[in-house]
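Reading the structure
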Amino acid sequence: MAARTFLVVDDSRLHHQMYHLIFARPAFEGAMLLHAYNGREGYALFTAHPELTAVFLDLNMPGMTGLEFLERRRAERLHPQVPVILVTTESTPDDEARGLAAGAWAYLRKPFTPEHLESLVAGADGRGVPVSHRK
Amino acid sequence: MTTLQPDHPFAALLAEFVAESAPLAEAVVERALSLERSWNRGEEDEETHAPLKGLLHTVKGNSAMMGLAPLQSLAHTLEDLALLLSREPGVRVAGGPLLVRGASLLADLVRGAATSPLPAEALRIQIEEIRAFLEGNPGAQEELRTERRQADQRQSDRRHSRQTVEISSDGAVSTIRVDSARLDQLLDSFGEAMIAHAGLRDALRPIIGRRRAGGEATQVEHALLGLERTLKRLEGALMETRLLPISTLFSRFTRQVRELARGESREVRLEVAGGDTRLDKTIIDRLGEPLVHLLTNAIIHGIEPPEERTRLGKPAEAVIALRAVQRSDRVLITVTDDGRGLDPERILVKARALGVAPTAERPSRAEIFALAFLPGLSTAERVSSLSGRGVGLDVVAGSIRALGGQVAVTSEPGRGTTFTLRMPLTVAVLRALLVQVNGERYALPLADVAETLRADDRAIHQVARQGMMTWRGQVIPVVDGGEALGGDPVADRPYCVVIRSASRHRGLLVDAVLGHYEVVVKALDPTLGRPPAVAAATILGDGRVACILDPGRIGERPADAAKDAAGAA
Amino acid sequence: MPTDDILEFADQLGASAPTAVEPEERQLHLVVFSLDREQFAVPIELVREVVRVTDITRVPHAPEHIRGVMNLRGRILPVLDLRTRLGLEATELTPRSRVVVVEIERRVVGLLVDAVAQVTRVGERLVTSPPDEVRAAGQGAITGVARAGERLLMLLDAARLLRNQADNPTSPSGVLC
């Protein structure tokens, strides 16, 4: 099986470290994790890696937000085959709807556990029906 | 659970959680304090609500991810409280202190999350107190969830475009966000309108002066006055848009002071007052640096180590008080510490050694402290870990003067030091008195002009080659305008302008007083160095440039302050 | 602010014949002006415009060689007296006096000259280093000498012109000429 690559776009260092811990687990053995700390950096990395297995995109970031990232991708028709997962909170149901409409493959609500993320990615891998996780 | 369980997947990240979330929680406290102060004055502060809620939202999310449910709960209730207070002005005065208390508790707990177990009782009580307040407001709970979702949506909306119109529930437009660059453009255009108006007025002067022209002249004059009044109103409105509360600056300092104090092994508390005082955005942007320098100097040189303070009978924790207050068209900012103070003797000795103070006579205390701002006088020469070299007061004074302000210092050796900054409210347009000396025109800030007199009415005595005269019961020094401005002295100049700087008055002899003008202030190009007496420049109605003088430094030569009238003894 | 000199330039650009030069050789494109009877030049890339002199307002205690400031379409332009900067005596303005507005390292300054002669191209090969007396007289600002037809041009280092002089009394940071 080809090595899996994931991209995390989030302005919080804490969250990057969380993702790092999650992707160090056995379920993700051999996977590579790319880190971007703002929307623009994230978009640049996204452009450069059509082989990404999935993208975790935070909703609320200064500068380019998660929704703006999705809208730009849709406008440019860039890598439509890469699943982009919008990371949201329980107070943003409208953003979730808009995110899906803008091309997000699924949304992941905070707080999530490593298990949530694992099963979501499993769905992405097998291109199964997207399962959006809510707490 | 009151602590992070060791088998929590993110247990190892606790320190990172604290590092990231503690500053956010502290920012919540500062904004809550700022809101409380505004509300106590009966003022609104629309700008702080959204950032405050955003910060709480982030702290809540982080706490939730870390499994710190009690913190998440507290942040959640504070979010609800902040929402209520932003929607219901009537409960603000009562709710403000509660918000501050809750936010302070949250900040303390976030800070200590890695080192101490969360105090379950204290948390529960605080959360219940907030909930009770929320419930005590009819309908509050019900609306809150809907409100929060709407508010969050508006918040994400705001991030989508740079210019957004925020619509309140009845559809009326309340605020518009505009790029500050746009405002600067507006201001530039306004400045050009002022110059054009000045040109028009000058060109029409002969027509208005001709009384025989009758109706026409009066019409022209009225039209001109009407234009002037409109421009003034426009100026006022434009300036308002650029005014920001100085708390945007002050709030940064609390943490900086704490860090610096820790680095220097000092115990320091920063007290801030008057954060709601408003200043032009450009001034605020550029005032940060000199203020930080003053705070740094206070911590490094002014404040004694805790053991020494205790020995001296002072509390181990020093206090630096930062205060801002508006007085007519100026803003006074004071930085006061209760440290060692400045020793006037040392300043005088050093000044004499540098040749910038008279050796024979003894200047007054006020004059000695004024010497502290001369280059080379600063006693700050240590290297410190955080700030590099202590910054000389001459640099601080220069930055402040470049903004059109003035700075003075006073001190009680052993008891403390106070710096006082006088800043103009606006930076772009200045009301000035235009004078003429040796064929050149100069602008003096009207706020610093005490009076304009005919010099021949007054007896000007020469005392030790320094002109003196009596004015309003004081004896003040008098300088020749030509000589003070690097030109030729001329006898018998007809007018004397009494100018004020810090606490001193001086008379400036000039050839003509041309009247009050509103001038557009333009900064001097750095190529011109920093000529002491010149603060800025302006373009007059006829297209020619005139220098705007700094009243405090008229008569100074570069690197030589001896000419500055210090001999009023 | 009359800027017909710009149109004059444009004409001259078209008209000026390059001195004999091999096709491959690099050429310096220069603005030539005169002080007294000597001719000096600066690279055209630095020159924003050339304007007639309007009133120059004196700035009290300004650094040496700054004659004053001038209104350039709302911008307060410092004007450097190039004569005194290069060791000549200052003179009164004449109708031929011009201010060459240059931009160096993001600073915009006006150079006051007696007259602007023309714009010309000079093959790089024709530039030699200045004789010692010339170099000394210019206090380091003259970097080269070029023969352009009959004339001898002294090439100026504009950045050097604006740089600090050791005995500048005014600015503590030594920003200036």
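The next thing to look at is the overall build of chain B. Along its length, chain B carries 15 helices and 22 strands. A buried classification covers 41% of the 569 residues belonging to chain B. Nonlocal contacts in chain B, meaning residues at least 24 apart in sequence, comprise 67% of its contacts between residues at least 6 apart.

Time to look at the nonpolar core. Leu444, Val497, Ile548 and Leu549 of chain B together with Val31, Val100 and Leu156 of chain C are the most contacted members of the largest nonpolar core, which totals 89 residues. Considering each element in turn, this core owes the most residues, 6 residues, to strand E1 (residues 27-35) of chain C. Contacts of Val100 of chain C, omitting those with residues within four sequence positions, involve Val31, Phe33, Val47, Val50, Gly110, Leu111, Val113 and Val116 of chain C. Counting 75 residues, the second-largest nonpolar core is a separate cluster that includes Val9, Phe23 and Ala106 of chain A together with Phe17 of chain B.

Glancing now at the interface of chain C and chain B. Counting from both sides, the interface comprises 24 residues of chain C and, opposite them, 25 residues of chain B. Sorting the residues of the side of chain C that touches chain B by element identifies strand E4 (66-72), strand E5 (75-81) and strand E7 (107-113) of chain C as the ones contributing at least two each. Counting residues per element, the side of chain C that touches chain B draws most heavily on E4 of chain C, at 4 residues. In the side of chain C that touches chain B, the residues fall into 15 nonpolar, 6 polar and 3 charged.

Turning to the sheet that holds strand E14 (residues 449-454) of chain B, a few remarks are in order. Residues and elements named next belong to chain B. If you walk across this open sheet you meet the 6 strands as E14-E18-E19-E17-E16-E15, and the pairing is mixed. Here the strands that pair on one side only, and so sit at the sheet edges, are E14 and strand E15 (461-463). Strand after strand, the sheet turns through a mean of 35° between neighbouring axes, direction not considered. Here 3 bridges tie E15 to strand E16 (residues 466-471), and the two strands are oriented antiparallel to one another. Bridging from a neighbouring strand, His461 pairs with Met468 of E16.

All names here are of chain A. Structurally, Gly103 can be placed in the loop between helix H4 (93-101) and strand E5 (106-109). Placed 32 residues apart in sequence, Gly103 and Glu71 show a C-alpha to C-alpha distance of 7.8 Å. In contact with Gly103, not counting residues within four places along its chain, are Leu70, Arg73, Arg74 and Val84.

Before going further, it helps to spend a moment on the packing of helix H1 (residues 14-40) of chain B against helix H4 (residues 92-111) of chain B. Geometrically, a packed helix pair is captured by the angle between its two axes and the distance between the axes. Residue and element names in this part refer to chain B. With their axes 8 Å apart at the nearest point, H1 and H4 run at an angle of 165° to one another. Our classification of the angle between H1 and H4 gives roughly antiparallel. Regarding H1 and H4, the two cross each other, and that crossing is left-handed. Taken together, the residues that form the contact of H1 with H4 break down as 17 nonpolar, 4 polar and 4 charged.

All names here are of chain C. In this model, chain C carries a mean pLDDT of 76, and residues with pLDDT of at least 70 account for 77%. Counted against residues more than four places away or in other chains, residues 14-22, with its pLDDT under 50, gives 12 contacts. Below pLDDT 50 for its whole length, residues 164-177 participates in 36 contacts with residues either more than four positions away or in separate chains. For this predicted complex, the interface confidence reaches an ipTM of 0.82, while the overall pTM sits at 0.42.

With that out of the way, let us pick up the sheet that holds strand E1 (residues 5-9) of chain A. Residue and element names in this part refer to chain A. Pairing is parallel in the open sheet, where 5 strands are placed in the order E2-E1-E3-E4-E5. Because the sheet does not close on itself, it has two edges, and the strands there are strand E2 (32-36) and E5. Going from strand to strand, the sheet's axes swing by 20° on average, the running direction of each strand aside. Contacts from helix H2 (residues 39-48) reach E1, E2 and strand E3 (54-58) within the one sheet, and its direction differs from that of E1 by about 160°. In the packing of H4 onto the sheet, contacts are made with strand E4 (84-88) and E5, and the angle to E4 comes to roughly 170°.

Parameters at a glance
- Residues numbered from 1 in each chain as written.
- Chains lettered and ligands numbered in written order.
- Predicted model: local features only at pLDDT ≥ 70, side-chain atom pairs only at ≥ 80, totals over all residues.
- Helix = DSSP H or I, 4+ residues; strand = E, 2+ residues; numbered from the N terminus.
- Buried ≥ 20, exposed ≤ 12 C-beta atoms within 10 Å, placed from the backbone.
- Contact = placed C-beta atoms within 7 Å.
- Core = buried A, V, L, I, M, F, W, Y, C linked by C-beta atoms within 7 Å.
- Nonpolar A, V, L, I, M, F, W, Y, C, P; charged D, E, K, R; others polar.
- Pairing = 2+ DSSP bridges.
- Axes fitted to C-alpha atoms, helices over the stretch in contact; angles between N-to-C directions.
- Parallel < 35°, antiparallel > 145°, perpendicular 65-115°, else oblique.
- Left-handed = near helix turned anticlockwise from the far one by under 90°.
- pLDDT = per-residue confidence, 0-100.

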